[in-house]
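Single-letter residue listing:
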Amino acid sequence: MSQGRFISLEGGEGVGKSTQLRLLAEALRARGHDVVTTREPGGSAGAEAIRALLFEGDGERWSPAAEALLFAAARADHVERVIRPAVAAGQWVVCDRFLDSSRAYQGDARGLGDADVLALHRIGSGGLLPDRTLVLSLPPGEAEARELARDGAADRFRRRGDAYHARVRAFFERIAVEEPERVRLIDATGEEGEVTARLLAALDAIA
Ligand SMILES: Nc1ncnc2c1ncn2[C@@H]1O[C@H](COP(=O)(O)OP(=O)(O)O)[C@@H](O)[C@H]1O
Ligand SMILES: Cc1cn([C@H]2C[C@H](O)[C@@H](COP(=O)(O)OP(=O)(O)O)O2)c(=O)[nH]c1=O
């Protein structure tokens, strides 16, 4: 049995994570790996139920702490029921967002702090980290421009504001510098296939 792997895709809204999840999974299957794709929040029955709680209602429904606990609870279920068993069975798990999204959104943008988010992850999920985290990065405004080109509107970007998007982008760039073994920053500009090639190249020592 080949060795299982756990890869997460991260980055701000609209940088191409779900597109690349699909393309990267296809490319890894073509190399002979048994690939499972999944996403957060969600990815298991319990975590999908928590996802509904998180995204229903207005944006102020949960306090920052309650929100962080819900994300951590969803992740605990997903890790225990889906990710750990798949990796143990030799599969490659590719996940659209994981812990680093909680660090960026709850820890940094909502002000909870990195140490507390990491503590929740230790309690909930035994501190499981991906073998590699690929952060898709676009220049400011480019994700919004892609959405505008597709839909003629980019409401979800305007709702949050430029400062918010800049802060999330800066957080992901920082962890790529601070945790270079695990986290790689990937240029997400250009054609889909070019981006997939960059992702594959960034799996170097684990592929
Ligand atoms: N390389 C690319 N070039 C142009 N548009 C892209 C590219 N990758 C994705 N898109 C488009 O950008 C939008 C956001 O991509 P998506 O994969 O849904 O991002 P995310 O999952 O990060 O929100 C979609 O309309 C998608 O078709
Ligand atoms: C996994 C995770 C996501 N999120 C946020 C980021 C996104 O705004 C949203 C996930 O929605 P999603 O549909 O994945 O967004 P997108 O495709 O736009 O990236 O939840 C957190 O705040 N914390 C987390 O731990």
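None of these values were measured; they are calculated from a predicted model. (Residues numbered from 1 in each chain as written. Chains lettered and ligands numbered in written order. Predicted model: local features only at pLDDT ≥ 70, side-chain atom pairs only at ≥ 80, totals over all residues. Heavy atoms only, no water.)

1. A word on the packing of aromatic side chains
Going through the model one piece at a time under the given rule, you end up with 3 aromatic pairs. Here the basic side chain of Arg-75 rests over the ring of Phe-98, its NZ or CZ set 5.4 Å away from the ring centre. (Phe/Tyr/Trp six-rings, centres within 6.5 Å; stacked < 30°, edge-to-face > 60°. Lys NZ or Arg CZ within 6 Å of the ring centre and 35° of its normal.)

2. So, the sheet that holds strand β4 (residues 132–137)
One open sheet holds the 5 strands; their spatial order is β2-β3-β1-β4-β5, and the pairing between them is parallel. Looking at strand neighbours, the two that pair on one side only are β2 (35–39) and β5 (183–187), the edges of this open sheet. Between one strand axis and the next, the sheet turns by 20 degrees as a mean value, whatever way the strands run. The sheet contact formed by strand β1 (residues 5–10) and strand β3 (residues 92–96) spans 5 bridges and is parallel. Within β3, the residue paired with Phe-6 across the bridge is Val-93. (Pairing = 2+ DSSP bridges. Helix = DSSP H or I, 4+ residues; strand = E, 2+ residues; numbered from the N terminus. Axes fitted to C-alpha atoms, helices over the stretch in contact; angles between N-to-C directions.)

3. Side note on the nonpolar core
Within the largest apolar cluster, 25 residues are counted, with the highest numbers of intra-cluster contacts made by Leu-24, Leu-28, Leu-134 and Leu-203. The set of elements that each furnish at least two residues to this core consists of β1, α1 (17–30), β3, β4 and α9 (192–201). At 5 residues, α1 tops the list of elements feeding residues into this core. Contacts of Leu-203, omitting those with residues within four sequence positions, involve Ile-7, Leu-24, Leu-28, Trp-92, Arg-132 and Leu-134. (Core = buried A, V, L, I, M, F, W, Y, C linked by side-chain atoms within 4.5 Å. Buried < 20%, exposed > 50% of the residue type's maximum accessible area, 1.4 Å probe, protein only. Contact = heavy atoms within 4.5 Å.)

4. Notes on unusual backbone geometry
Here the bond from Glu-40 into Pro-41 is cis, since omega is -10 degrees, no more than 30 degrees from zero. Along the chain, Pro-41 falls in the loop between β2 and α2 (45–55). You will see that Arg-97, though not glycine, has its phi angle at about 75 degrees, which is positive. Looking at the secondary structure, you find Arg-97 in the loop between β3 and α4 (99–109). For Arg-97, a relative accessible area of 14% corresponds to the buried category.

5. Quick notes on the site of ligand 2
Residues in close proximity to ligand 2 total 15 residues, the closest being Glu-13, Arg-97, Ser-102, Gln-106 and Arg-156. Ser-102 is positioned with one of its side-chain polar atoms (N or O) 2.6 Å from an oxygen atom of ligand 2. For ligand 2, a nitrogen atom lies 2.8 Å from a polar atom in the side chain of Gln-106. For ligand 2, whose free accessible area comes to 560 Å², the fraction covered by protein is 84%. Contributions of two or more residues to the shell around ligand 2 are made by α2, α3 (64–88), α4 and α7 (155–160). (Near = heavy atom within 4 Å. Polar contact = N/O pair within 3.5 Å; in protein donor to acceptor, adjacent residues only side chain to side chain. Areas by Shrake-Rupley, 256 points an atom, 1.4 Å probe, with all protein chains shown as cover.)

6. Examining the UniProt feature "domain: Thymidylate kinase-like" (unreviewed entry) in the protein
In the UniProt entry, the feature "domain: Thymidylate kinase-like" (unreviewed entry) is given for residues 9–196. The annotated region residues 9–196 carries 59% helix and 12% strand content, and the separation between its end C-alpha atoms amounts to 12 Å. (UniProt positions renumbered as here; feature names shortened; annotations may be inferred.)

7. A short note on the site of ligand 1
Around ligand 1 lies a shell formed by Gly-14, Val-15, Gly-16, Lys-17, Ser-18, Thr-19, Arg-146, Arg-150, Gly-190, Glu-191 and Glu-192. Lys-17 has a polar side-chain atom sitting 2.8 Å from an oxygen atom of ligand 1. In isolation ligand 1 offers 560 Å² of accessible surface; the protein chains occlude 75% of this area. Its atoms largely coinciding with the cavity grid, ligand 1 occupies the largest pocket. Those elements giving two or more residues to the shell around ligand 1 turn out to be α1 and α6 (142–151). The element contributing the most residues to the shell around ligand 1 is α1, with 3 residues. Here the shell around ligand 1 is composed, by residue class, of 1 nonpolar, 5 polar and 5 charged. (1 Å grid on protein atoms, 1.4 Å probe; cavity = no way out; pocket = protein on both sides within 12 Å on 5 of 7 lines; lining within 4 Å. Sits in = over half its atoms within 2 Å of the grid points. Nonpolar A, V, L, I, M, F, W, Y, C, P; charged D, E, K, R; others polar.)

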